[in-house]
Amino acid sequence: MNSSYIMEDHDNSTVRDDIPLETIEENDEGATAIEDDISSVANNVILAINYKASCLGLAHFDCSEGTLYVVEDMSANAALVEKYHTNWSIIETLIFQIKPTIVLLPARIEESIEEILKAKSDEGFRVEIRPSNEFSHTAAINRILSLKLGRVQDDLAMQFVTPDDNIDDMALPAGARLASKSAFLDLSSRINLEKEISIGCAGAVISFSQKLMALEDGLVNHNDAPLRINEIETFKMNEIMFVNSDTICSLQIFEDESHPNFHMHGSANRHKEGLSLFGILNSTVTPFGHQLLKSWFLRPPLSLPVITERHSAVALFVRQDNLHITYALKSSLKKIKNIPRLLTNLNMGKATLGDWKAILDFAFGCLKIRAAISEIVDAHNIKVVYEILNAFDQIALKEVCELISNIDFDMSRIDNRVVVKPTVDQELDELKRRFDGIEDLLSEVARRIAIDLPKIYSDRINAIYFPQLGYLILVALDEATGDPCCIGEDWDYQFRSDTYAYFKSPEVRELDQTFGDMYGMICDREIEIVHALQVDILKYSELLTTCCKWTAELDCLLSFAEAAQLYHYTRPIMTADNIIEIKKGRHPLYELSVPSFVDNDTYLHGGNSEEDDEILMEESDSDEERGPSALLLTGANYSGKSVYLKQVALITYMAHIGSFVPAEFAKIGITDKILTRVMTRETVSKEQSAFMVDLQQVCLALQLCTNRSLFIIDEFGKGTESTDGAGLFGSLLEYLLSPEFQRPKVLASTHYHELFENDTLHELQGLKFMHMQVLICDDVPEIEDKITYLYRLLPGRSTSSFGICCAALNGVPEDITARAEELSKILAKGEDLVTVCSKMTDEEVKSLEHAELVARRFLKEEFVVDFSSSSQKKLTARAKLKRILYSN
Ligand SMILES: Nc1ncnc2c1ncn2[C@@H]1O[C@H](COP(=O)(O)OP(=O)(O)OP(=O)(O)O)[C@@H](O)[C@H]1O
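Remember, predicted model here, so these are calculated numbers, not experimental data.

1. A look at the overall build of the chain
Line of reasoning, step 1. Along the backbone of the chain there are 34 helices and 21 strands.
Line of reasoning, step 2. Taking all 888 residues of the chain together, the buried fraction comes to 51%.
Line of reasoning, step 3. Long-range contacts, defined as pairs at least 24 residues apart, comprise 73% of the intrachain contacts of the chain with a sequence gap of at least 6.
Line of reasoning, step 4. Just so you have it, the chain exposes about 42300 Å², and 51% of that area is on carbon and sulfur atoms.

Structure below.
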C-alpha cells in the first residue's frame, strides 16, 4: 500500500500564481542570465519643447533611467536663439543628442515648429500635440513636488531647507515629501522657476509619462500610476559641446550615425558597432553604463573640472599597481543589472524570481566593487572612488543580501515559484514540518481504511493530498469494468482519471478539517513573507539607485581605461587656453586599419574673446606670437589630408568626453563646438543638391562658430565649377581669418592650388600652409610607381594633387590615364584646352585629305546614265567609282 501527496503530478494551476515565476540559469560567472528586456514604457524617451517670445524651453526624460532633465531656457542670448531659430539647428541638434521617441508640443506652438518636427518624425520619434495647460508653470511646480525624488532623503533634506524657505507657503500637494521639497528648492536655486519655459516642459513630461504608465498598468486614473522619476537635473546648452549629426557622421563616432540607439545595450548588440569611435572605446558591461557612455558621447561636457575628473579616474585605473583591481571591478560590474526596472517591478508586485536574483547579485556586486575600490592605490580626490566609498553603504547592502538570501533559489527553481528558506519564519517552518510528515499520515489513513476492506483491495487503495483539493482516497479502477474496484460506505465520489477514482471519506474529511489545505497555507505564508521582503527591500531603493548610478559611471571610466591601455592612449592636458597642441597624434580608427600609421603634430591657437582676455588677466599675445589659428593643407590625392583633419578633431573630441587620446602628448583647450564640412550627406530624402547641402553645412558653421570652436573643412567648393569653387573656398578662409571674426581654430584641405599662385592667401594673418609629403620619381615607366606616400605633415604647400597617379594606382585603365596626362600637360602650359583639343592628329589630317581628293575626283567625273543601255555600260560606271575611291 502506498500513500503519497502529489506534488509532481499537480497541474500548475493548483500552485498559487500570485508570485510570477521565472526560471533562471546561472552563467559561467554565476551571474543571472536574465534578459534585460525593457518594457514598452521604459523604451521611451519623452522630450517636451516649447517656444515663446524668442525663447526655447526643453525638458526630457528617459523612462528607463529615472532622471528628468530640464534644459535651461535659451533666452539669455537672444541673438543666439534668433540664429538657432532661423534654421532650427538647435532643435535638430537636441533631437539628435537626446534621441526622443516622443516629442510633446503645446497646442499653441508656432505652426512652423510643428511642421518641421512632424517632417522629421522619420528619425525615430512621433510628435504629440498636448493641451497648452499641460505646459503651465503652476501645474508643473505641483507635479514636480508630487514626485518621489530620491536624491535627498527626508531627514537629510532638512539641511537643504533654510529657515527662510517658507515651504509651507508654497502650494504644496498633500503628501509632498520633504525630499521633493528640498530637491525643488535645489532646482529653484539653479533655474528661475517663475520664468523658465523649461519648467512647464518638465510638467508636460511628468504628466505624459504618468499617462503612459497608467496605460501600461491598465489604470483608469492616471494619477494613480507610479512615476519613475527619482531625480531632476538641469543643464545648459552652453555646458555641453555642440556636436551635430554632421560631426558625428564625418568623424565616424557611431557606426549608425543617425540613430545611435540608446536602448540597445549589452554584449549582444556590441558586435553591431563596427569600426567607429564608440565601437572601440565602449567595453561597458552594464546596461546603464552603456547608456551613460552614449550620452557622454552625444553631450561632451565643457566643464574643465568634469573633464579632468574623468581623466584622473582613467589615469588611476590604468596605473600598473591598480590593474588587478581594475580587472576585479570589471568582473563585479558584470553582475549589475537594470536596477530601476527591477525596483519598479518590485514596487508593482511583479518581481520575478529572476528579478530577486538580479537584485541579490547587484547588492553583492556592489559590495565587491566597494571592497575592490577601497584597495585602490592613490585614489584621493577621485570623485567616483569617493562616491562609491561613501554611497555604497556596506551594512545596508549586506542587509539587502541577507534579506534576499531568505529566498531558497534552488527550491524555487524546482517548485517554479518563490520558496522561502527554512528558519526564516517559525510559522512557515511548522507548516512545512507538518506538510513533510503528511506522507506518514496518509499511509496511516490508507492502512486504516484498508483494514475494513477485503484483503485483495488493500494495495489498490491509497490516500493522497492535492493542493487546494485537500485529502482524498484514491481507488484503482477495475481493468475489465472500468469501475472503482471498491467503494467504502460514506465515501463521496469526487472525480476520476484513466486509472483511478477519487473519493472523500470521513477519515480524509477529518484530515481536511485538522490540517486544511496545507500547501495553500504554505504558499500563502510564503507570499506574505515575500511581500514583507519586498517592502523591506524597497526601503533601500534610493541606495540601490544611487549605487546603480555610480556603477554606470565606473563602468564608463573603466571602459575608457581599457581602451587607453589597449590602444596606448595618453592623458591629455586640458587647458583654458584656446589651443590645440598635439605631438605624434594618430587617428584612432585608421591606426587600427593600416599596417603602419604615421603620426603627426598639430599646433593651433584660436583667437581670444574679450572674456578670455579678462580671465587671463594679461595682455594677449599678438597673432604672430600666438601661432596659427588656421592650417591649410594641400597635397596629393590620397596623401592623408582628410585623415589628418579628422584625427585632430577626434583627439579634441575624445579629450572632452573624458577619454585618453591617441597621441604622445596633447594639450587641448576647451572647444565649444566641433563643426565639420567633410562629408556630403545623403540627399535622397531631401530636395537638395549635394552642393547645396555643402553650402548649408558651411552656413550653419559660420553662424555658430566662436573663437572656441574647431572647424574642419575638407575640400569645400568641389561640387561646382572649379573657378567658383576656388573663389568660394578662398573667401571663406579670408572670412574666418578676418579680424572681425573671433578666429575659430580651422583646419582646411584643398586641391585649389591656383588660389595660391599670386600669394593672396599667404598674406592672411593666422594662416599656415601645410602639406602632406609624398616622394615623386619621374624615371619610372609606370605612372602608378611615380608616387610614394609618406603621410608626413610638413610646412609649406604642394603644387600638385597627382590625381592621375592616384587614378592609375586605383586601377583606372592606362588609355585614360595616358590621355589625362596629355590633357593635364596642355592645361599646365596654360594653353586653351578647346583649341588644343580641336587640332587634328596626323592620321585625321591624312584621312581628311584623302576625302577631299575623292570628292574632287567625283566632281570631275562625267556620269551619263542611260537606263536603256546594256549592263556593260553600268559596269563601266561602277569601275569609274572604284577608281575615284581607291586610286592614289
Ligand atoms: N598618417 C597616415 N599613416 C598611414 N596611412 C595613412 C595616413 N593617413 C592616411 N593614410 C592612408 O591614406 C589613405 C588616404 O587618406 P586620405 O583620405 O586622408 O587622403 P586625402 O589626402 O584626403 O585624399 P583626397 O585628397 O583624395 O581626398 C587612407 O585611407 C589611409 O589608408
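2. Considering the packing of aromatic side chains
Line of reasoning, step 1. Evaluated as defined, the whole model comprises 16 aromatic pairs.
Line of reasoning, step 2. Relative to F278, the ring of F254 has its centre 5.1 Å away and its plane inclined at 40 degrees; by these criteria the two rings are tilted. Of this pair, F254 sits in the loop between α8 (245-250) and α9 (267-270) while F278 sits in helix α10 (residues 277-281), placing them 24 residues apart in sequence. Like F278, F254 is buried.
Line of reasoning, step 3. Aromatic pair W296 and F560: ring centres 5.9 Å apart, planes at 40 degrees, arrangement tilted.

3. A look at the site of the ligand
Line of reasoning, step 1. Neighbouring the ligand are 16 residues; Y638, K641, S642, V643 and H751 lie closest to it.
Line of reasoning, step 2. K641 is positioned such that a nitrogen or oxygen atom in its side chain is 2.7 Å from an oxygen atom of the ligand.
Line of reasoning, step 3. Here an oxygen atom of the ligand and a side-chain polar atom of S642 are 2.6 Å apart.
Line of reasoning, step 4. For the ligand, whose accessible area on its own is 630 Å², the fraction buried by protein is 83%.
Line of reasoning, step 5. Tallying contributions element by element places helix α27 (residues 641-657) first for the shell around the ligand, with three residues.
Line of reasoning, step 6. Classifying every residue of the shell around the ligand by side-chain character gives eight nonpolar, six polar and two charged.

4. Remarks on the environment of G516
Line of reasoning, step 1. Mapped onto the elements of the fold, G516 is located in the loop between α21 (506-515) and α22 (518-538).
Line of reasoning, step 2. The sequence separation of G516 and P467 amounts to 49 residues, and the corresponding C-alpha distance is 9.8 Å.
Line of reasoning, step 3. Aside from chain neighbours lying at most four places away, what touches G516 is Y465, Y471, L511 and M521.

5. A short note on the sheet that holds strand β12 (residues 573-575)
Line of reasoning, step 1. Strand order across the open sheet formed by four strands is β12-β16-β13-β14, with mixed pairing between neighbours. A strand with exactly one partner marks an edge of an open sheet, and here the two such strands are β12 and β14 (600-605). Sheet twist, expressed as the average angle between the axes of neighbouring strands with direction ignored, equals 15 degrees.
Line of reasoning, step 2. With five bridges joining them, strand β13 (residues 579-585) and β14 adopt antiparallel strand pairing. Residue I579 lies in a different strand from β14, and its bridge partner there is H605.

6. Observations concerning the sheet that holds strand β17 (residues 674-677)
Line of reasoning, step 1. Across the sheet, six strands lie side by side as β17-β18-β19-β15-β20-β21; this open sheet has mixed pairing. In this open sheet, the two strands that pair with only one neighbour each are β17 and β21 (787-795). Looking at each pair of strands side by side, their axes are set apart by 15 degrees on average, direction ignored.
Line of reasoning, step 2. Sheet topology note: the strand β15 (residues 630-634)/strand β19 (residues 745-749) ladder contains four bridges and is parallel. Its bridge partner lying in β19, L631 is registered against L747.
Line of reasoning, step 3. On top of the sheet, helix α28 (residues 690-704) reaches β17 and β18 (710-714); it is set at about 155 degrees to β17, its chief contact.

7. Let's talk about the confidence of the model for the chain
Line of reasoning, step 1. Summary statistics for the chain give a mean pLDDT of 78 and a share of 77% for residues scoring 70 or more.
Line of reasoning, step 2. α9 is the least confidently modelled element of the chain, averaging 39 in pLDDT, while strand β16 (residues 665-669) averages 97, the highest of any element.
Line of reasoning, step 3. In the model, residues 151-177 has pLDDT below 50 throughout and makes 44 contacts with residues more than four positions away in sequence or in other chains.

8. A word on unusual backbone geometry
Line of reasoning, step 1. Positive phi is not limited to glycine here, since N416 has a value of about 65 degrees.
Line of reasoning, step 2. In this structure, N416 sits in the loop between α18 (409-415) and α19 (426-436).
Line of reasoning, step 3. Residue class for N416 comes out partly exposed when judged on its relative accessible area of 28%.
Line of reasoning, step 4. Its identity as a non-glycine residue notwithstanding, T423 has a phi of 70 degrees, on the positive side.
Line of reasoning, step 5. On the secondary structure map, T423 appears in the loop between α18 and α19.
Line of reasoning, step 6. Relative accessible area serves as the criterion here: at 73%, T423 is assigned to the exposed category.

9. Thoughts on the pattern of salt bridges
Line of reasoning, step 1. Counted according to the given criterion, the structure contains 29 salt bridges.
Line of reasoning, step 2. In this structure, E134 and K211 form a salt bridge, with 2.9 Å as the shortest nitrogen-oxygen distance. With E134 in the loop between β6 (126-130) and α4 (137-145) and K211 in helix α7 (residues 197-217), the pair connects residues that are 77 residues apart, well separated along the chain.
Line of reasoning, step 3. A residue is classified by how much of its surface remains accessible, and K211, at 23% relative accessible area, is partly exposed.
Line of reasoning, step 4. With a shortest N-O distance of 2.6 Å, R856 and E852 are connected by a salt bridge. Of the two residues, R856 and E852 are both situated in helix α33 (residues 842-860); the distance of four residues between them amounts to about one turn of the helix.

10. What about the pairing of β15?
Line of reasoning, step 1. The element β15 is extensively covered by neighbouring structure, given that five of its five residues are classed as buried.
Line of reasoning, step 2. Neither face of β15 is open: one carries A630, L632 and T634, the other L631 and L633, and all of them are buried.
Line of reasoning, step 3. Two strands pair when backbone bridges link them, and β15 and strand β20 (residues 767-776) are joined in this way by five bridges, in the parallel orientation. Counted as the bridge partner of L631 is K768 from β20.

11. Focus: the side chain of E581
Line of reasoning, step 1. By secondary structure assignment, the location of E581 is in strand β13.
Line of reasoning, step 2. Overall, the relative accessible area of 18% leaves E581 in the buried class.
Line of reasoning, step 3. E581 has contacts with T602, Y603, F665, A666 and K667, leaving out every residue within four places of it along the chain.

12. With respect to the side chain of H311
Line of reasoning, step 1. Mapped onto the secondary structure, H311 falls in helix α12 (residues 304-318).
Line of reasoning, step 2. Setting aside residues up to four positions removed in sequence, H311 forms contacts with R571, P572, M574, A655, G658, S659 and F660.

13. Quick word on the nonpolar core
Line of reasoning, step 1. Formed by 142 residues in total, the largest nonpolar core has its most connected members in F297 and W356.
Line of reasoning, step 2. The dominant element in this core, judged by the number of residues it contributes, is helix α23 (residues 541-566), at 14 residues.
Line of reasoning, step 3. Apart from residues lying up to four places away in sequence, W356 is in contact with L346, A351, I404, I407, F409, V418, V530, L533, Q534 and I537.
Line of reasoning, step 4. Of all hydrophobic cores here, the second largest spans 28 residues; its members include F242, L700, L704 and L767.

Quick notes on the rules
Residues numbered from 1 in each chain as written. Predicted model: local features only at pLDDT ≥ 70, side-chain atom pairs only at ≥ 80, totals over all residues. Heavy atoms only, no water. Helix = DSSP H or I, 4+ residues; strand = E, 2+ residues; numbered from the N terminus. Buried < 20%, exposed > 50% of the residue type's maximum accessible area, 1.4 Å probe, protein only. Contact = heavy atoms within 4.5 Å. Areas by Shrake-Rupley, 256 points an atom, 1.4 Å probe, with all protein chains shown as cover. Phe/Tyr/Trp six-rings, centres within 6.5 Å; stacked < 30°, edge-to-face > 60°. Near = heavy atom within 4 Å. Polar contact = N/O pair within 3.5 Å; in protein donor to acceptor, adjacent residues only side chain to side chain. Nonpolar A, V, L, I, M, F, W, Y, C, P; charged D, E, K, R; others polar. Pairing = 2+ DSSP bridges. Axes fitted to C-alpha atoms, helices over the stretch in contact; angles between N-to-C directions. pLDDT = per-residue confidence, 0-100. Salt bridge = Lys/Arg side-chain N within 4 Å of Asp/Glu carboxyl O. Core = buried A, V, L, I, M, F, W, Y, C linked by side-chain atoms within 4.5 Å.

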